[in-house]
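Chain by chain, the residues run as shown.
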Amino acid sequence: MNDDVRNIVLGVVAAGISASLGWLARTYLWKRKLRRKQAFFGLPENSESLLVVNRDPATAEPAVHRFDVFALLELSALIKDCGAHIQMVTQDTAQQGFGERTEFCVGGPASNRRMAAHLSSLLPGVRVNVEGEPGPDRGAFQVGSERYRMEPGHSEYVLLARLTAGERREARPVFLFCGQRAITNQAATRYLARNHERLARKHGNASFVLLLKVVNSQAYGPDVVELVADVTRAALAPLPAAEASRPSHRAS
């Protein structure tokens, strides 16, 4: 074997080794990224998850608003990416506890009784005005002592929460997407899909509650979202006595 042939063989071997190492490195990084995603969502491979569907409050029929359908599609893609399975149930048939399976609950308490139960038991510092009469406080959020009114189509709010109950380390989280309108529910699911890595770095697997603002949805749809505040502490704490004594607009 002359020098030219030996150099060619050595070059091919070196290229093969380099390609193999690159593939192994990419595979390792991809698997590590997937494991972090699965841990954040509480969705290990082949695990079960619960997707709770609300109803469209504008109709008497058991229908789902189209923006809520888009939100469910966003969540379904996240769940499938983790290699988990989905059970979809309607808000009036989800009669089970939480912590055994990761749950994604979509819709405000006026359209989702499951959400109303979660707000009551998991977020004692949150009230939602569910009265149907028109007025400036219709659909308003109260978190602690702060109130957030919506201007339909211009500025609307949604709560995005990741909550775990109890002290069990293996307990699965509950994700809440509680918006003032259906388009805000989709905005929250899209925000989670785009920012879950950053949220996982900041919060780890701990509970958090974020207040998001959807800006000019009549022009931009669910795409322009601002983080108003991390309201975890206020949402998890009982309302102050002065606020609790006011007439309640909370769903039950």
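Residues numbered from 1 in each chain as written. Predicted model: local features only at pLDDT ≥ 70, side-chain atom pairs only at ≥ 80, totals over all residues. Heavy atoms only, no water.

Help me out: how do you make sense of the overall build of the chain in this one?
Looking only at helices and strands, the chain has 7 helices and 10 strands in total. Surface exposure of the chain reaches about 13400 Å², of which carbon and sulfur atoms provide 53%. (Helix = DSSP H or I, 4+ residues; strand = E, 2+ residues; numbered from the N terminus. Areas by Shrake-Rupley, 256 points an atom, 1.4 Å probe, with all protein chains shown as cover.)

Just checking my understanding: could you explain the pattern of salt bridges for this structure?
Enumeration over the complete set of coordinates arrives at 7 salt bridges. Residues Arg 190 and Glu 74 are paired through a salt bridge, measuring 2.9 Å at the closest nitrogen-oxygen approach. Of this pair, Arg 190 sits in helix H4 (residues 182–203) while Glu 74 is found in helix H2 (residues 66–81), placing the two residues 116 residues apart along the sequence. You'll find Arg 190 and Glu 74 in the same group, each marked buried. Because the salt bridges share partners, they merge into one network encompassing Glu 74, Arg 190, Arg 194 and Asp 223. (Salt bridge = Lys/Arg side-chain N within 4 Å of Asp/Glu carboxyl O. Buried < 20%, exposed > 50% of the residue type's maximum accessible area, 1.4 Å probe, protein only.)

What is the right way to read helix H3 (residues 113–122) from this model?
Helical geometry: 3.6 residues make up each α-helical turn, so side chains three or four residues apart lie on a common side. Taken together, the buried positions of H3 are Arg 114, Met 115, Ala 116, His 118, Leu 119 and Leu 122. Elements in contact with the buried residues of H3: strand S1 (48–53), strand S3 (102–106), strand S4 (126–128), strand S7 (155–163), strand S8 (174–179) and helix H6 (232–236). Capping the start of H3 is the job of one residue whose side-chain oxygen sits 2.9 Å from the backbone nitrogen of Arg 114: Asn 112. (Contact = heavy atoms within 4.5 Å. Polar contact = N/O pair within 3.5 Å; in protein donor to acceptor, adjacent residues only side chain to side chain.)

Could you clarify how one ought to interpret the sheet that holds strand S10 (residues 225–230) in this entry?
Across a sheet, paired strands are connected by hydrogen bonds in the backbone, their directions being either parallel or antiparallel. Here we have 7 strands laid out as an open sheet, ordered S2-S1-S3-S8-S7-S9-S10, and mixed in their pairing. The sheet terminates laterally at strand S2 (85–90) and S10, the two strands that pair on one side only. Going across the sheet, the axis of each strand differs from the next one's by a mean of 20 degrees, ignoring polarity. Sheet contacts for H2: S1, S2, S3 and S8; angle to S3, the most-contacted strand, approximately 165 degrees. (Pairing = 2+ DSSP bridges. Axes fitted to C-alpha atoms, helices over the stretch in contact; angles between N-to-C directions.)

I'm lost on the pairing of S8 in this one. Help?
Most of S8 sits out of view: 6 of its 6 residues are buried. On S8, burial covers both faces: Val 174, Leu 176 and Cys 178 on one face and Phe 175, Phe 177 and Gly 179 on the other are all buried. Looking at chain direction, S3 and S8 are connected through 4 bridges and run parallel. Its bridge partner being in S8, Phe 104 is matched across the sheet by Phe 175. Of the pairings in the sheet, the one linking S7 to S8 comprises 6 bridges and is antiparallel in character. Its bridge partner lying in S8, Val 158 is registered against Gly 179.

Help me out: how do you make sense of the packing of aromatic side chains in this one?
The geometry of an aromatic ring pair is captured by two quantities: the separation of the ring centres and the angle between the planes. Under the definition given, this model contains 8 aromatic pairs. Plain terms: the ring middles of Phe 40 and Phe 208 are 6.3 Å apart, the flat faces sit at 15 degrees to each other, and that makes the pair stacked. Taken as a pair, Phe 40 in helix H1 (residues 3–41) and Phe 208 in strand S9 (residues 208–215) lie far apart in primary sequence, 168 residues in all. A single burial state applies to Phe 40 and to Phe 208, both of which are buried. Here the aromatic rings of Phe 104 and Phe 175 are separated by 5.2 Å at their centres, their planes lie at 10 degrees, and the arrangement is stacked. With a gap of 71 residues between them, Phe 104 in strand S3 and Phe 175 in strand S8 connect regions that are remote in the sequence. Here Phe 104 falls in the buried class, since its relative accessible area comes to 0%. (Phe/Tyr/Trp six-rings, centres within 6.5 Å; stacked < 30°, edge-to-face > 60°.)

Where do I start with the side chain of Arg 190 in this structure?
We classify Arg 190 as buried; its relative accessible area is 19%. Filtering out sequence-adjacent residues up to four positions away, Arg 190 remains in contact with Glu 74, Pro 222 and Asp 223.

Looking at this model, I keep getting lost on H2. Mind explaining?
Spanning 16 residues, H2 covers 23 Å between terminal C-alpha atoms, matching the ideal 22 Å at 1.5 Å per step. Considered for burial, the residues of H2 that qualify are Phe 67, Asp 68, Ala 71, Leu 72, Glu 74, Leu 75, Ser 76, Leu 78 and Ile 79. Of the residues flanking the end of H2, it is Gly 83, one or two places downstream, whose phi is positive at about 75 degrees. (Expected span 1.5 Å × (residues − 1).)

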